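Spelled out, the chains give:
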Amino acid sequence: MTLSVDEWGAWHAPMSGSNPAFLVQQNSVRDAILASLNLNIFARHGDRVRMANIAQMINVLQAMILTDKEKMVLTPTYYVFKMYVPFQDATLIPVTFDAGTYAHGAVSLPRIDAIAAKGSDGKLLLEITNLDAENPVAIDADLTGIAARSAKAETLSGAAVDSINTFDSPNAVDPKSATVKVQSGKLSLTVEPRSVTVVSIEQ
């Protein structure tokens, strides 16, 4: 049975000064994390989820792009989609991990989420989402049986969970290189708080 998720995404309060009926809202690091968690869910259930569309692309709800006349800015959600491009047509690889816990008030959530896949180019891909808004997470992944030669990582985070890109500061939240090491069958890196990280491993 095929499952089609025809619309998904966040629905926050409308942006100040906008027409409430137009559903224009800002897009923060929190939304980037939400996007990565949703994409990971869809990937893990790819045998059934054959279609999944984010609700809107431009200016409405969890949009990837915000515009104002001639001005345009890319949102944190846009960058998550860009970072996940290598997962397109990839083969999911089962991965087990200790998610830990992250508490916010009375709410307890898994601290990290992760998926792995083999890309169409043969590279091993690993995605790690750190839900913890305050603390980094040290990752030590066992690569036994994988002839890993090198790895590179890219991470998306911000100064705070509600950090946003604006027309005046369009690069406040954008992907940056992260340090990752591959040695003796182990992959090691530290993921920042409130972050989405994609690691590409050459075999």
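Fair warning: this is a prediction, and the values are worked out from it, not measured in the lab.

Caption draft 1: Structural detail: the overall build of the protein. A count of helices and strands for the protein gives 2 helices and 15 strands. Taking 203 residues into account, the globule formula puts the C-alpha radius of gyration at 17 Å, and the protein, at 17 Å, falls close to it. Long-range contacts, defined here as pairs at least 24 residues apart, represent 68% of the contacts in the protein between residues at least 6 apart. A total of about 11300 Å² of accessible surface is found on the protein, and carbon and sulfur atoms cover 54% of it. Of the side chains in the protein, 16 bear a positive and 21 a negative charge, and the two mean positions are spaced by 5 Å.

Caption draft 2: Up close: the sheet that holds strand S10 (residues 137-142). Sheet architecture is open: 3 strands sit in the order S10-S14-S13, paired in antiparallel fashion. Here the strands that pair on one side only, and so sit at the sheet edges, are S10 and strand S13 (180-183). Sheet twist, expressed as the mean angle between neighbouring strand axes with direction ignored, is 15 degrees.

Caption draft 3: Layout of the side chain of arginine 194. Its location among the elements puts arginine 194 in the loop between strand S14 (186-191) and strand S15 (195-202). Buried arginine 194, no salt bridge; nearest opposite-charge side chain is glutamate 134, N-O distance 5.0 Å. Apart from residues lying up to four places away in sequence, arginine 194 is in contact with Val29, Ile33, Asn130, Asp132, Ala133, Glu134, Leu156, Ser157, Gly158, Ala159, Ala160 and Val161.

Caption draft 4: Focus on helix H2 (residues 76-83). Looking only at H2, the buried set comprises Pro76, Thr77, Tyr79, Val80 and Met83. Within H2, the buried residues cover an arc of 160 degrees as seen down the axis, which keeps them to one side. In this fold, the buried residues of H2 make contact with helix H1 (29-44), strand S2 (49-54), strand S4 (71-74), strand S11 (150-156) and S15.

Caption draft 5: Region of interest: the pairing of strand S6 (residues 101-104). The pairing of S6 with strand S7 (residues 107-110) spans 4 bridges and is classified as antiparallel. Note that in S7 the partner of histidine 104 across the bridge is valine 107.

Caption draft 6: Layout of the nonpolar core. Formed by 27 residues in total, the largest nonpolar core has its most connected members in Trp8, Val80, Tyr84, Phe87 and Leu156. The dominant element in this core, judged by the number of residues it contributes, is H1, at 6 residues. Excluding anything up to four places from it in sequence, tryptophan 8 contacts Ala35, Asn38, Leu39, Phe42, Ala52, Asn53, Ile54, Ala55, Gln62 and Phe81. Ile112, Val137, Val180 and Val191 belong to the second-largest nonpolar core, a separate cluster that totals 17 residues.

Caption draft 7: A look at the pairing of strand S9 (residues 124-130). In terms of burial, S9 is largely enclosed, as 7 of its 7 residues are buried. Residues Leu124, Leu126, Ile128 and Asn130 line one face of S9 and the alternating positions Leu125, Glu127 and Thr129 line the opposite face, and both faces are buried. Strand direction decides the pairing type here: strand S8 (residues 112-118) and S9, joined by 7 bridges, are antiparallel. The residue bridging lysine 118 from the neighbouring strand is leucine 124, located in S9. Counting the residues between successive antiparallel strands, the hairpin from S8 to S9 contains 5 residues, one of them, glycine 122, with a positive phi of roughly 90 degrees. Where S9 meets S15, 7 bridges bridge the pair, whose relative direction is antiparallel. Counterpart to leucine 126 in the pairing with S15 is valine 199.

Calculation criteria
Residues numbered from 1 in each chain as written. Predicted model: local features only at pLDDT ≥ 70, side-chain atom pairs only at ≥ 80, totals over all residues. Heavy atoms only, no water. Helix = DSSP H or I, 4+ residues; strand = E, 2+ residues; numbered from the N terminus. Rg over C-alpha atoms; globule rule 2.2 N^0.38 Å. Contact = heavy atoms within 4.5 Å. Areas by Shrake-Rupley, 256 points an atom, 1.4 Å probe, with all protein chains shown as cover. Lys, Arg positive; Asp, Glu negative; His and termini not counted. Charge placed at Lys NZ, Arg CZ, Asp CG, Glu CD. Pairing = 2+ DSSP bridges. Axes fitted to C-alpha atoms, helices over the stretch in contact; angles between N-to-C directions. Buried < 20%, exposed > 50% of the residue type's maximum accessible area, 1.4 Å probe, protein only. Salt bridge = Lys/Arg side-chain N within 4 Å of Asp/Glu carboxyl O. Arc of directions from axis to C-beta. Core = buried A, V, L, I, M, F, W, Y, C linked by side-chain atoms within 4.5 Å.

Geometric descriptors of this kind do not, in isolation, establish any biological role.
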